[in-house]
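Coordinate inspection notes
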Amino acid sequence: MKGVSFVQHTKLTNVAGRIRYISSEEEQEYLYAVYDTAPEGFWQELARENQRDYKRSGTSGNCIEARELIIALPKVYFEKGPPHQDILEYFVDGFKNKYDVECTAALHHNHDRTNYHIHLIFSERRLLAEPEVKIAKRNMYYDPQGKHLRTAKEAKDADGNLLPGCRMIPKGEPYETHIFEKKDPIFKGKAFTEEVKEFMTDLINTPLPEQLHMKTFPKNGPYMATRKVGKHNPMAAEIKEQNHLKDEWNRQMMTAEAMGIPEENLKMVKTELITKPVSASIIQSNGAKDPQSFREILLSAVKTLRVMVSKTKKMGLETRREAWGEALKDFIEACAELAKQVVLPIVERGRER
């Protein structure tokens with residue numbers, strides 16, 4: 001049974017702070033290596049230019065200064081792999097060579113030393129060969145937030161004086177300087193996230209023997225994705241419990257897959273045991289998601305799947321598919337019973353609310 005790779009893609013609104021955090025020996029209990037491909041001062045200038053451009057745009061929300069990948073590595077890399085620094089540079093250089101952007105990264109273990117992983121921060125913008133300086137063709141006026149004003153009247157009072165906080169850049173003076181290209185739109189699309197997961201999984205697998213190869217988490221497949229538990233998350237205990245049940249679900253699915261059960265059958269099991277009951281509970285609750293209801297559905301689903309796998313496992317290799325088919329008939333009946341025991345009480349609770 002092959003393991004499933006984990007690659008998470010996130011946006012960063014404070015790249016300098018994030019870099020300090022992932023590379024700090026004080027903050028990280030198990031920090032093994034740090035690697036930066038960018039020239040000195042690059043990340044500070046990147047953040048500064050991103051913030052200036054964002055302010056000029058007048059867009060609401062938060063400015064995205066850079067992006068980050070979190071890449072989980074198999075235990076074999078820690079136990080039998082090359083030196084930590086070589087591992088980190090292998091992945092960072094691989095990413096930089098493919099996407100031609102600067103990176104900074106750190107290699108860690110989590111607190112319990114169960115997750116050996118890389119934090120890879122990368123820029124969406126590339127340095128220009130020469131700085132681009134824009135010269136004012138007329139007097140230019142800006143409001144206190146730095147937004148360009150179309151006319152001088154917007155920046156002056158009745159006496160012709162600049163309003164408090166407003167400023168003017170005279171004709172012939174530089175009004176805007178860029179040292180970076182515009183953001184590469186490739187990093188904004190969902191396609192990039194899927195592509196980079198495949199790419200990083202290939203990098204993970206290249207040095208490993210075939211029996212240790214990882215695979216990407218199958219989109220719309222029979223497995224369930226776990227959620228990261230962030231610091232100070234008020235739902236941390238709840239998420240951990242859900243993750244525990246999802247891990248058990250995935251283990252049972254991997255066992256069924258290894259026994260030769262067709263993927264379509266496995267996806268059908270997930271649909272009937274999880275997708276449909278969850279959808280029904282949300283509809284009956286007027287669109288509200290109830291973590292407790294989800295837990296009950298997931299718990300019942302795991303129990304049912306465990307029984308199906310256990311019964312099928314006892315059969316010989318030549319009869320397992322047939323045995324699974326028989327279990328599937330029982331399973332459909334179990335789904336009807338599950339609806340009575342789990343979904344209907346959830347619906348009733350939704351009506352009471």
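Presented here is a report on the structure given in the accompanying data block. (Residues numbered from 1 in each chain as written. Predicted model: local features only at pLDDT ≥ 70, side-chain atom pairs only at ≥ 80, totals over all residues. Heavy atoms only, no water.)

**What about the layout of surface pockets?**
Quantified by volume, the second largest pocket comes out at close to 580 Å³. Every residue lining the second largest pocket is counted, 28 residues in all, and those nearest its centre are Met224, Lys246, Val278, Lys289 and Phe294. Looking at the lining of the second largest pocket, the elements that each hand over two or more residues are helix H6 (236-258), helix H7 (263-284) and helix H8 (291-313). Looking at which element gives the most residues to the lining of the second largest pocket, the answer is H7, with seven residues. Grouping the constituent residues of the lining of the second largest pocket by class yields 14 nonpolar, seven polar and seven charged. (1 Å grid on protein atoms, 1.4 Å probe; cavity = no way out; pocket = protein on both sides within 12 Å on 5 of 7 lines; lining within 4 Å. Points joined across faces, edges and corners; volume = space filled by probe spheres on them. Helix = DSSP H or I, 4+ residues; strand = E, 2+ residues; numbered from the N terminus. Nonpolar A, V, L, I, M, F, W, Y, C, P; charged D, E, K, R; others polar.)

**Overview of the side chain of Glu124**
Tracing the backbone through its elements, the reader meets Glu124 in the loop between strand S6 (116-122) and strand S7 (127-135). Residue Glu124 is classed as buried on the basis of its relative accessible area, which comes to 1%. At a separation of 2.8 Å, a polar atom in the side chain of Glu124 contacts the side chain of Arg67. Excluding residues that lie within four positions of it along the chain, Glu124 makes contacts with Ile64, Ala66, Arg67, Lys182, Lys183, Asp184, Phe187 and Lys188. (Buried < 20%, exposed > 50% of the residue type's maximum accessible area, 1.4 Å probe, protein only. Polar contact = N/O pair within 3.5 Å; in protein donor to acceptor, adjacent residues only side chain to side chain. Contact = heavy atoms within 4.5 Å.)

**Regarding the packing of H7 against H8**
The N-to-C vectors of H7 and H8 enclose an angle of 165°; their axes lie 10 Å apart at closest approach. By the angle class used here, H7 and H8 are roughly antiparallel. Between H7 and H8 the crossing geometry is right-handed. Here Val269, Leu273, Ile274, Pro277, Val278 and Ser281 of H7 lie close against H8, whose contacting residues are Phe294, Ile297, Leu298, Ala301, Thr304, Leu305 and Met308. Across the contact of H7 with H8, the residue classes tally to 11 nonpolar, two polar and no charged. (Axes fitted to C-alpha atoms, helices over the stretch in contact; angles between N-to-C directions. Parallel < 35°, antiparallel > 145°, perpendicular 65-115°, else oblique. Left-handed = near helix turned anticlockwise from the far one by under 90°.)

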